[in-house]
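# Descriptive analysis of the structure
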Amino acid sequence: MKIALLGYGKMGKVIERIALERGHEIVLRKDHGSSFNGLENADVAIDFSVPDSAVANISECLNNDIPVISGTTGWLANYPKMVELCEEKKGSFIYGSNFSLGVNVFFELNEYLAKMMANLKQYKVSMEEIHHTQKLDAPSGTAITLAEGVIKHTDYANWTLETPISNEIHIEAKRIENVPGTHSIFYDSEVDQIEIKHTAHSREGFALGAVIAAEWLIGKKGVFTMKDVLFNGSKL
């Protein structure tokens, strides 16, 4: 499989190493501001760039019939436009706030717990996410996905970084040097606390998941998620 890397920072380099280990070829390493020369030779593109570049990168791929995986966060106000473009071009697109296989299992666990806790009104939900100081957006896309998973099954209506009102989930976003990503969900009552937590030890898990998603997307048309990848026959 021939892969175009859109974004060649720390994540891009880890993705490259894992892709090569799995027998793939890199045909484009695109930094911010460089050209798309070589994209036409790709079977699939993987975008781990920056929020300001994501829409242009994804659009370029969809307009040129290149399946594209995006793990860039902080641009989701434009996500519906990318879905519309993918459908218009009959393209192939996966966006994930986090491509780690473990985190995607954690997403499912989070929703399952939210369903169990929905009628236990004495418990109040809060979240904490910790990332490295180079992360540009806060809260993380992963934290937003987790909050949306709770909101989907409970009476909560929104999340906030500020002091929450009764139907809001407070997310505390911390930035600490050299932390790949830690996410915790707390259910607090007067008598006890329930906590679930995912801790990433390195960038390896994110990169492996992205490459697996790229392998899975080949030959498919439509807009997909990591849930499709995990539970529809991926070679993990």
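Residues numbered from 1 in each chain as written. Predicted model: local features only at pLDDT ≥ 70, side-chain atom pairs only at ≥ 80, totals over all residues. Heavy atoms only, no water.

### Things to note about the nonpolar core
Among the nonpolar cores identified, the biggest contains 28 residues, and Ile15, Ile46, Ile69, Ile94 and Phe99 are the most heavily contacted of them. Mapped onto this core, the elements with two or more residues apiece are β1 (2–6), α1 (10–21), β3 (44–47), α6 (204–217) and α7 (226–231). Ranked by residue count, the leading element in this core is α6, at 9 residues. (Core = buried A, V, L, I, M, F, W, Y, C linked by side-chain atoms within 4.5 Å. Buried < 20%, exposed > 50% of the residue type's maximum accessible area, 1.4 Å probe, protein only. Helix = DSSP H or I, 4+ residues; strand = E, 2+ residues; numbered from the N terminus.)

### Considerations on the environment of aspartate 137
Tracing the backbone shows aspartate 137 in the loop between β6 (124–131) and α5 (141–153). Classification of aspartate 137 by relative accessible area gives buried; the value is 14%. Each C-alpha atom, one on aspartate 137 and one on tryptophan 159, is 15 Å from the other, the two residues being 22 residues apart in sequence. For aspartate 137, the contacting residues outside a window of four places in its chain are Thr73, Gly74 and Arg175. A polar side-chain atom of aspartate 137 sits 3.2 Å from a polar atom in the side chain of lysine 135. (Contact = heavy atoms within 4.5 Å. Polar contact = N/O pair within 3.5 Å; in protein donor to acceptor, adjacent residues only side chain to side chain.)

### Considering the packing of aromatic side chains
One pass over the structure, following the stated rule, counts 6 aromatic pairs. Taken together, the ring pairs connect Trp75, Tyr79, Phe93 and Tyr95 into an aromatic cluster. Looking at lysine 220, its charged tip hangs above the ring of tryptophan 216, at a distance of 4.4 Å from the centre. (Phe/Tyr/Trp six-rings, centres within 6.5 Å; stacked < 30°, edge-to-face > 60°. Lys NZ or Arg CZ within 6 Å of the ring centre and 35° of its normal.)

### Quick word on the pattern of salt bridges
Taken as a whole, this structure holds 11 salt bridges when the rule is applied. Close ionic contact of arginine 17 with glutamate 204 constitutes a salt bridge, the shortest N to O distance being 2.1 Å. Here the residue arginine 17 occupies a position in helix α1, and glutamate 204 occupies one in helix α6, the gap between them amounting to 187 residues. What makes glutamate 204 partly exposed here is its relative accessible area of 33%. When the shortest N-O distance is used, the salt bridge between lysine 227 and glutamate 108 registers 3.7 Å. One end of the pair, lysine 227, is in helix α7; the other, glutamate 108, is in helix α4 (residues 101–117), with 119 residues separating them in the sequence. (Salt bridge = Lys/Arg side-chain N within 4 Å of Asp/Glu carboxyl O.)

### Topic: the pairing of strand β5 (residues 92–95)
Side chains Ser92 and Ile94 project from β5 onto one buried face, and the interleaved Phe93 and Tyr95 project onto a second face that is buried too. Two elements, strand β4 (residues 68–70) and β5, share 3 bridges in a ladder whose sense is parallel. Among the inter-strand pairings, valine 68 is bridged to a residue of β5, identified as phenylalanine 93. Each parallel crossover has a hand, and the one from β4 via helix α3 (residues 79–89) to β5 is right-handed. (Pairing = 2+ DSSP bridges. Right-handed = clockwise from strand over helix to strand, strands pointing away.)

### Comments concerning the layout of surface pockets
When its volume is computed, the largest pocket comes out at roughly 810 Å³. Along the wall of the largest pocket there are 36 residues; nearest its centre are Met11, Phe48, Ser49, His132 and Arg203. Of all the secondary-structure elements, those providing two or more residues to the lining of the largest pocket are α1, α2 (51–63) and α5. Counting residues per element, the lining of the largest pocket draws most heavily on α2, which supplies 4 residues. The class makeup of the residues in the lining of the largest pocket is 11 nonpolar, 19 polar and 6 charged. (1 Å grid on protein atoms, 1.4 Å probe; cavity = no way out; pocket = protein on both sides within 12 Å on 5 of 7 lines; lining within 4 Å. Points joined across faces, edges and corners; volume = space filled by probe spheres on them. Nonpolar A, V, L, I, M, F, W, Y, C, P; charged D, E, K, R; others polar.)

### Looking at unusual backbone geometry
Of note, the bond from alanine 138 into proline 139 is cis; its omega dihedral lies within 30 degrees of zero at -5 degrees. By the element assignment, proline 139 lies in the loop between β6 and α5. The backbone of lysine 90 sits at a positive phi, close to 55 degrees, despite the residue not being glycine. If you trace the backbone, lysine 90 turns up in the loop between α3 and β5. Residue classification places lysine 90 among the exposed positions, given a relative accessible area of 61%. Even without glycine at this site, asparagine 178 takes up a positive phi of about 65 degrees. As for its position among the elements, asparagine 178 is in the loop between β8 (168–175) and β9 (182–188). Note on asparagine 178: relative accessible area 64%, which makes it exposed.

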